[in-house]
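One letter stands for each residue in the lines below.
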Amino acid sequence: MGQAICKELWESLLDYKTEKYVVTHNRKVGLLYRLVQLSILMYLLVWVFLVKKGYQVTDTSMESSIITKVKGVAFTNTSEFGEQIWDVADYVIPPQGENIFFIVTNLVVTPNQRRATCAESDRIPQAWCYEDSDCPPGEPVLTGNGVRTGRCLRSKNMMGICEIYAWCPVETKSRPMKPLLGAAENFTVYIRNFIHFPRFNFSKSNVLNSRDRAFLKSCQFGPENLYCPIFQLGYIVNSTGSNFQELAAKGGVIGIQIMWDCDLDKAASKCHPQYNFRRLDDTFSGESISSGYNFRFARYYHDAAGVEFRTLLKVYGIRFVVMVNGKAGKFGIIPTGINVASGLALMGIASFFCDLILVNFIKKSDFYRNKKYEEVRLAESLQQDLATEAKDSAEQPETQDGNSDEKRNGCECSQLLLSNSGLAIQEAGSSGPSRALDSG
């Protein structure tokens, strides 16, 4: 018994099974079938291979370095500063030339501040008072400039201001409506970017590979000079849809994005940097108190007596953030094979969709269903096989007289086997449901 089972399993390994196809002469369904196949083919060719380049191996782990350098000089003549020359050391913060830099375009100056006692700014609601108990000594004014001394400085029958110990006098001036360094619109910034894709060992820079030292001193970025990364600040701001003078008055944040999309199946000279400029701060607030960008810093000095004093600067300006993104792609047999196999698998959608229509939605769906699917009942199949075998045995001619009894006995045995099998099938049918085998 075990040997027979093993033999059947061994022989079944060499069997070949194939599908049964039903050809349906229906032009509408046939046209639909070809349209679905054509749509899948177009998706595979156009979107997967041409647009998304599904035949390539990609590398997105790009290594990048950025160096920035601002150039420009401005002259101002104000009542606070008098005649002043502004160069890179005065208006660029920080001076190291990193991927984030700040250009001072407007400022409020509070000179000659010394450690002393004075009245807090009347623009600080926490410093308002009516009596000395409203100014507990030693407590800081959290949104103010110093520590309370315990005195309330006020006139008769009027609200007063707490006295504080701080750098006095405190800042009281408002932001100028016109930017001090409006000429910064003509300043230039040099942005050098070096990239490397380790997977393909490919490196490139956004600066023209030239030994001509005069090139960077005379060129400026444009459609014809993609490898001269020297930009006017006004050009960058205007490319975001903002007005430079308005932005310079209260400050803001500008993003400079460099995008590298390199197809390494082509020459390296076809891999070009793409630049995009956009506002990164809140551009929808309008005249909101949260709009703009500013911060404070101080410059410290000592007088002849050795007493320290300082000049407080509240600066407004434009903060530039340079961001680099990129990817590189090159032909690979593995992604190509995967996408082709996926496309061929998608072709099965056309057959499934058309079968669904033929089986359920056309007028002769029952006829098509009967042709596509065959029901075979095991009990009926056994009866038909035994009956056919008995009939064939009965119709065979007797060639020898000595064999007539053997033939008769064979027929009787076949009829007995047929009757017994029929009885067994009937008993099996009464004891449980028959199984249906569908093919198609």
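In this text, all values refer to a predicted model and were calculated from it rather than measured experimentally.

Some thoughts on the packing of aromatic side chains
If you walk through the whole model with that rule in mind, you get 16 aromatic pairs. Aromatic pair Trp-167 and Tyr-300: ring centres 5.9 Å apart, planes at 65 degrees, arrangement edge-to-face. Here the residue Trp-167 occupies a position in strand S9 (residues 160-168), and Tyr-300 occupies one in strand S15 (residues 294-302), the gap between them amounting to 133 residues. Judged by centre distance (5.0 Å) and plane angle (75 degrees), the ring pair of Phe-221 and Tyr-275 falls under edge-to-face.

Quick word on the nonpolar core
Grouped together as the largest cluster of nonpolar side chains are 46 residues, with contacts concentrated most on Tyr-91, Ile-103 and Phe-320. Breaking this core down by element, the ones donating at least two residues are strand S2 (63-71), strand S6 (100-119), strand S10 (188-197), helix H5 (233-239), helix H6 (244-250), strand S13 (252-263), strand S14 (273-279) and strand S16 (308-331). In terms of residues, this core owes the most to one element, S16, which gives seven residues. Apart from residues lying up to four places away in sequence, Tyr-91 is in contact with Val-70, Lys-71, Gly-72, Val-73, Trp-86, Phe-102, Ile-103, Val-104, Leu-181 and Phe-187.

Regarding the UniProt feature "transmembrane region" (unreviewed entry) in the protein chain
Listed under "transmembrane region" (unreviewed entry) in the UniProt record, and renumbered for this structure, are residues 31-50 and 340-362. For residues 31-50, the helix share is 100%, the strand share is 0%, and the end-to-end C-alpha distance is 27 Å. Here residues 340-362 is 87% helix and 0% strand, with 33 Å between the C-alpha atoms at its ends.

Description of the state of the cysteines
What is meant by a disulfide is a covalent connection between two cysteines, made through their sulfur atoms. For the structure on display, the rule yields five disulfides. With a sulfur-sulfur separation of 1.9 Å, Cys-135 is cross-linked through a disulfide to Cys-162. Its S-S torsion of approximately -80 degrees makes the covalent link between Cys-135 and Cys-162 left-handed. Here Cys-135, found in the loop between strand S7 (128-129) and strand S8 (147-153), pairs with Cys-162, found in strand S9; they are 27 residues apart in sequence, far enough to count as distant. What pairs with Cys-262 in a disulfide is Cys-271, and their sulfur atoms sit 1.8 Å apart. The class of Cys-271 is buried, set by a relative accessible area of 2%. Cysteines bonded in the protein chain are numbered consecutively along the chain; their disulfide partners then correspond to 1-6, 2-4, 3-5, 7-8, 9-10.

Side note on the pairing of S13
Of all 12 residues that make up S13, 10 are buried, and the element is covered over most of its length. The pairing of S13 with S16 spans 12 bridges and is parallel. Across the sheet, residue Asp-263 finds its bridge partner in S16, namely Gly-329. Where S13 lies against S14, seven bridges are found, and the strand directions are antiparallel. Opposite Trp-260, over in S14, you have Pro-273 as the bridge partner.

Calculation criteria
- Going along each chain's sequence as written, the residues are numbered from 1 onward.
- In keeping with the predicted nature of the model, local features appear solely for residues at pLDDT of at least 70, side-chain atom pairs appear and are counted solely at 80 or more, and the whole-chain, interface and lining totals rest on all residues.
- Side-chain measures here rest on the full set of heavy atoms in the structure, leaving out hydrogens and waters.
- Each Phe, Tyr or Trp ring, with Trp reduced to its six-membered ring, pairs with another whose centre is within 6.5 Å; inter-plane angles below 30 degrees give stacked pairs, above 60 give edge-to-face pairs, and intermediate values give tilted ones.
- A helix here means a DSSP run of H or I that spans at least four residues, while a strand means a run of E at least two residues long, and both kinds are numbered starting from the N terminus.
- Here, the term nonpolar core denotes a set of buried Ala, Val, Leu, Ile, Met, Phe, Trp, Tyr and Cys residues that are joined through side-chain atoms within 4.5 Å.
- Working definition: with a 1.4 Å probe on protein chains only, accessible area under 20% of the residue-type maximum means buried, over 50% means exposed, and in between means partly exposed.
- Here, residues are in contact when the closest pair of their heavy atoms is within 4.5 Å.
- UniProt positions are given in the numbering used here, feature names are shortened, and annotations may be inferred rather than shown by experiment.
- When two cysteine sulfur atoms are found within 2.5 Å, that pair is recorded as a disulfide.
- Whether two strands pair comes down to DSSP finding at least two bridges between them.

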